[in-house]
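Structure at a glance
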Amino acid sequence: MVILTMDKTFILDGKTIPFEEGETIMEAASAAGVYIPHLCHHPEFKPHGSCKLCTVSIGGRLGASCTNKAAAGMVVESETEALNADRRALTQMLFVEGNHICPSCEKSGNCQLQAVAYHLDMLTPHFTHFYPARDIDASHPDVLLERNRCILCELCVRASRDVDGKNVFGIGGRGIKSRLIVNSASGRLADTNLSVTDRAVEVCPTGAILRKRHGFTVPIGRRLYDHHDIAEVPVAGMKEPRSS
Amino acid sequence: MFNLETAAHAANLRRVVIEPVSRVEGHGKVTILLDAHNKVHQVRLHIVEFRGFEKFIQGRPYWEVPVMVQRLCGICPVSHHLAASKALDLIVGAKQLTPTAEKMRRLMHLGQILQSHALHFFHLASPDLLFGFDADVATRNIVGVAAVEPEVARKGVLLRKYGQEIIRHTAGKRVHGTGSVPGGVNKNLSRAERVELLGDIDTIIAWSQEAVDIIKNLFIDHAALYKAFGRFDSNLLGLVRADGALDLYHGGLRATDGQGGTIFDHADYQNYYEYIHEEVKPWSYMKFPFIVEKGTEAGWYRVGPLARVAQCDFIPTELAEAERVAFKAFDGGAALSAPLGYHWARMIEMLHAAEGIKELLLDNDLSGGDLVVRGERHLRGVGVIEAPRGTLIHHYRVNEDDQIVSANLIVSTTNNNQAMNEAVRQVAMQYLDGRALTEGLLNHIEVAIRAFDPCLSCATHALGKMPLEAELIDADGSVIDRLCRDTV
Ligand code: SF4
Ligand code: FES
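Residues numbered from 1 in each chain as written. Chains lettered and ligands numbered in written order. Predicted model: local features only at pLDDT ≥ 70, side-chain atom pairs only at ≥ 80, totals over all residues. Heavy atoms only, no water.

1. Things to note about the interface of chain B and chain A
With 21 residues of chain B in contact, the opposing surface of chain A contributes 20 residues. Between chain B and chain A lies a buried interface of about 1,800 Å² when both sides are counted; carbon and sulfur atoms form 58% of it. In terms of surface lost to chain A, no three residues of chain B exceed Trp63(B), Asn186(B) and Asp401(B), which account for 30% of the buried area on that side. Taken together, the connections running from chain B to chain A amount to 4 salt bridges. Ionic pairing is found between Arg213(A) and Asp402(B), a salt bridge with its closest N-O pair at 2.7 Å. At the boundary of chain B with chain A, the tally comes to 7 residue pairs in polar contact (both at pLDDT 80 or more). Of the residues assigned to the side of chain B that touches chain A, the class counts are 7 nonpolar, 6 polar and 8 charged. (Contact = heavy atoms within 4.5 Å. Buried area = accessible area lost by both parts, 1.4 Å probe. Salt bridge = Lys/Arg side-chain N within 4 Å of Asp/Glu carboxyl O. Polar contact = N/O pair within 3.5 Å; in protein donor to acceptor, adjacent residues only side chain to side chain. Nonpolar A, V, L, I, M, F, W, Y, C, P; charged D, E, K, R; others polar.)

So, in structure tokens, the structure goes:
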């Protein structure tokens, strides 16, 4: 293989990837149409680096591709068996830490957690389910908060704070007790100024934040990931179609 | 009612347990108490009913329910899907669905009837009917049928498959789809899909007609056995259309006393609890519903194919209607109170489903674009449908936040609880009383239960078919005999 050497390129799984100054590995890869599995990353928001699904090997050292900046000449590996095995285990942990019951979940087919699990060939949860007791908040007239499905990616936190300018969500507690909290005196969604049109409502990668009364209106077969692996589905901010 | 529900002096009797009942869906158990001369003193059918589901969905958003309730049952999920949707239509204020939505749901339902009835008749019932109730247990199963009657077995498989295809096209998946939503449906059927499904429908109708002929001829050829086997009179309950026609999707409740006398008619099922109550008995987990007006002793009833075909004034498709007339006329109405008459009525319904599917597929409304209606919100709704096994009632209350507050489900098999007990008692008297037990004799008990096609998984919320084990236990509890066999 001929490897082009340019000033602003790096190597990702043998491919030459151009980047612009300041871009992360994830951003440069996405712009070039190359998929790196991720959950807490979203091109419109500041990187968070918490899910670790996007971990790659950068010159032999492991790092999150969503937070590490691209640098000229670096050699990055992503699609290796070992990294994908780690990603699978991380995804399995996310499944057992929450209560993810895909067959009756309205986000099924449009859910990034489910789609990533399919992409990584996750066939079983492997680990013992925690079955945590988490509550649902149905108090808001138009938005449902289903904490059983929250993976604590903080995308809603970032969207509400940085785009909607409202600061409706936050993460409270520590470690395994961490949970999504709502910034109102009562702790209820109804007592915030959240609106159904807020960016925070549509950004959730799982079925934890939902527009009420819209569940199951898209038939099976026409959902986002029914016919396409998540690696083939373009996301906002992508500059070229994915090669996959 | 037979007087075998509770023996007078149970302590001195031997106990026979048939558990689990095989070739029915789910988990059931029959216990028989015999004295030293093998005289039958007590017969009970137990179904382990677990009412976890009603609790489980409390607090869930209502629009999730039609999808979630399908987990009750892997055999007739569509029935639960539709019964829940019908209840939720009222909650979202959809008094009248669009023609496309109603016809898509009806099509889905007929697909379900076709696949469920075919599965039951060919896979579960035909081994008994074709080989005899005490034929060699090694061949008395679907594999045996396939060896001796390969064409019958093949058509059975393909009939079921066609029903599943209808479900896939209307619900999105063969099992546990999402097609029906509160207030309507989420898809229509394209013309291309209709053309594809119409391709086979005439064959499906012809094979359904053949299936009716198989069971009809069995009745004719073995009239004495088929008429008398486990026979008893009972009230009947089911939905009928406003004009009295058979309608499996929607209608008012009709109850008759089995002799043609009306108990109530065109009753609004929103108030079902004014007509039907459920009795609890100390020996069974499953409740015993009864018609309020008649009381607990005389108010129990049959639901399902036999009740529906016997009660309706006519069937609105041509071939099935001709078969209904023949069914009712057989030997002065002898099939109407025979448990084995269920098989006959079931096949008439399968024929009706096949004809109905064709009618719907030819209707351009199926390809319309108006899928959902909404109106004024309500806080409660009842949905009733005639599921393959009989009347199925879903009742929900929601709060202002769109969460389910309470749910009550009366499934078809529960509606038939007392009737199945009666059939088992009758057969025990006819065949077991005073005789030594054999596997073949015990199978007679199961033949009676199987005629109702009980979906024990609906009633128990458990899945899976299990092997049969029958134990003969004497008065002090020691096992003196054991019969074992594998599941089919
Ligand atoms: S609610 Fe959704 S967006 Fe917010 S933290 Fe949980 S998973 Fe992420
Ligand atoms: S996507 Fe990089 S850590 Fe989550």
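2. Comments concerning the nonpolar core
Counting residues in hydrophobic clusters, the biggest one holds 121 residues, and the most contacted among them are Ile32(B), Leu114(B), Tyr162(B), Ile215(B), Trp344(B), Ile357(B) and Tyr396(B). Contact partners of Ile357(B), with chain neighbours within four places excluded, come to Leu107(B), Leu110(B), Gly111(B), Leu114(B), Tyr162(B), Ile166(B) and Ile201(B). Core analysis: the second largest hydrophobic core is formed by 40 residues, Phe45(A), Cys111(A), Leu180(A) and Ala208(A) among them. (Core = buried A, V, L, I, M, F, W, Y, C linked by side-chain atoms within 4.5 Å. Buried < 20%, exposed > 50% of the residue type's maximum accessible area, 1.4 Å probe, protein only.)

3. Describing the packing of aromatic side chains
Residues and elements named next belong to chain B. Tallied over the full model, the rule gives 14 aromatic pairs over all chains. Taking 5.2 Å as the distance between ring centres and 85° as the angle between the ring planes, the aromatic pair formed by Tyr 62 and Trp 63 counts as edge-to-face. Note on Tyr 62: relative accessible area 1%, which makes it buried. The interplanar angle of 45° and the centroid separation of 4.7 Å between the aromatic rings of Phe 264 and Tyr 275 together place this pair among those described as tilted. In this pair, Phe 264 is assigned in strand S8 (residues 262-267) and Tyr 275 in helix H9 (residues 272-275), connecting sequence segments 11 residues apart. In this structure Phe 264 comes out as buried when scored by relative accessible area, which is 8%. Cation over ring: Lys 86 sits above Tyr 249, and NZ or CZ is 4.6 Å from the ring centre. Directly above the ring of Phe 288 sits Lys 281, whose terminal nitrogen or CZ lies 4.5 Å from the centroid. (Phe/Tyr/Trp six-rings, centres within 6.5 Å; stacked < 30°, edge-to-face > 60°. Helix = DSSP H or I, 4+ residues; strand = E, 2+ residues; numbered from the N terminus. Lys NZ or Arg CZ within 6 Å of the ring centre and 35° of its normal.)

On their own, these measurements won't tell you what the molecule is for.
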